[in-house]
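Breakdown of the fold
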Amino acid sequence: MDICARSRPPFLAGAKRVTAGALAAAVLVTLTATTGVSQAAARSDPRPAPSDGLSVALFGASEVSLPGASLAVLSGAPEAALLDPVLSAPGDTGSVARPRPRVDCRHVKCVALTFDDGPGRYTDTLLRHLAKYHAHATFFVVGSNVVVYPRVLRRTVAAGHEIGNHTWSHPVLTRLSAAGVRSQLVRTDREVKAAGGVVPQLVRPPYGAFNKAVRRQIARPLVLWNVDTLDWRYRNSATVARRALRAVRPGSIILFHDIHRTTVGAIPHVLKSLAKRGYRFVTVSELFGGHVPHVAFGAAPPKLL
Ligand code: NI
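Everything numeric here is computed off the predicted structure, so don't read it as measured data.

1. A look at the pattern of salt bridges
Under the defined criterion, the tally for this structure stands at four salt bridges. Across the pair Arg106 and Asp104 runs a salt bridge whose closest N-O atoms are separated by 3.0 Å. Two residues, Asp116 and Arg204, come together in a salt bridge whose shortest N-O distance is 2.7 Å. Taken as a pair, Asp116 in strand β1 (residues 110–116) and Arg204 in the loop between α9 (178–196) and α10 (212–217) lie far apart in primary sequence, 88 residues in all. Neither residue differs from the other here; Asp116 and Arg204 are each classed as buried.

This is how it looks when you write it as structure tokens:
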């Protein structure tokens, strides 16, 4: 297979400035697509990676800068039709969140901290850390954990954080039937609504794994990330903080998991350090000015490039 041809997502061709990390990322996309195993996913979650590897989001601690674009899309499968006009039709997007942004991320340095797999026993501590810095974050919750910690979910919503859907039981969605994918999302929506009174407007597929078939079942934006702390592997707060601080750029979406005590322990240092560097901590919807792309990866707004 021609790796080079397959490794160049269309958006890279037109970008005027792409970091070396992004190019490495593109190669990794190809590896993902050709080996059939999601290396990126394997690195970002301790659970088994998808074996069909059709289309897996790509990231690592690299940043893609795209002039004039508020969206970066990485996919190992060009045929995934990520920008399918049918899916992007306004009436088809399932009331995508359009909150009034508190800050304009085109003019100030923004970063979106995202926390997956909760709620959990450390989430309340995390909420206290975030409150101290007036930081807003996005929590991609697992429905089966919302059932266990409904009050934590409610407190998360009450504190002004955004809730995203991270499925019911964290399966590899590309292995499920269409009905199975829908069920994973619907059950979680229902539980989040019951516990917190909101319906998630964003979805993060477990392991970052999705393909055209999965995408077809999800009208909401898929939110990936471009800074991976690998906090599930590095159970050390200093290491997690260092990985986040080293890779962050304006417009970054950073992946954490609030089910790990060491991750929550890293957050005060992350917040303090980034606040000192002038960053504002926003939700994913705020990062994109309320218009989250169909596949959001994290990118620097044009004015900050
Ligand atoms: Ni997860």
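Picking up where we left off.
2. Quick notes on the pairing of strand β3 (residues 162–165)
Side-chain alternation along β3 places Glu162 and Gly164 on one buried face and Ile163 and Asn165 on a second face that is also buried. Where strand β2 (residues 138–141) meets β3, four bridges bridge the pair, whose relative direction is parallel. Each bridged residue has a counterpart across the sheet, and for Phe140 the counterpart in β3 is Gly164.

3. Overview of the side chain of Asn226
Considering the arrangement of structural elements, one finds Asn226 in the loop between β4 (222–223) and β5 (227–228). A relative accessible area of 0% means that Asn226 is categorised as buried.

4. Looking at the environment of Leu245
In this fold, Leu245 is placed in helix α11 (residues 237–247). C-alpha of Leu245 to C-alpha of Leu274: the two residues are 29 residues apart in sequence and 7.4 Å apart in space. Residues contacting Leu245, with those up to four places away along its chain left out, are His269, Val270, Ser273, Leu274 and Arg277.

5. Considerations on the coordination of the nickel ion
Each protein donor to the nickel ion is listed here as Asp117 (OD), His166 (NE2) and His170 (NE2); together their distances run 2.0 to 2.1 Å. Of note, the nickel ion draws all its donor residues from one chain, in the sequence arrangement D-x48-H-x3-H. Classification of His166 by relative accessible area gives buried; the value is 1%. Its relative accessible area of 5% is what places His170 among the buried residues.

6. Quick notes on the confidence of the model for the protein
Residues of the protein with pLDDT of at least 70 account for 65%, and the chain-wide mean is 75. Overall, residues 1–99 carries pLDDT values under 50, and its contacts beyond four positions in sequence, including any with other chains, amount to 216 contacts. Segment residues 300–305: pLDDT under 50, and 25 contacts once partners within four positions in sequence are set aside and those in other chains are kept.

What counts and what doesn't
- Residues numbered from 1 in each chain as written.
- Predicted model: local features only at pLDDT ≥ 70, side-chain atom pairs only at ≥ 80, totals over all residues.
- Heavy atoms only, no water.
- Salt bridge = Lys/Arg side-chain N within 4 Å of Asp/Glu carboxyl O.
- Helix = DSSP H or I, 4+ residues; strand = E, 2+ residues; numbered from the N terminus.
- Buried < 20%, exposed > 50% of the residue type's maximum accessible area, 1.4 Å probe, protein only.
- Pairing = 2+ DSSP bridges.
- Contact = heavy atoms within 4.5 Å.
- Donors = N, O, S within 2.8 Å, 3.2 Å for Na, K, Ca; no water.
- pLDDT = per-residue confidence, 0-100.

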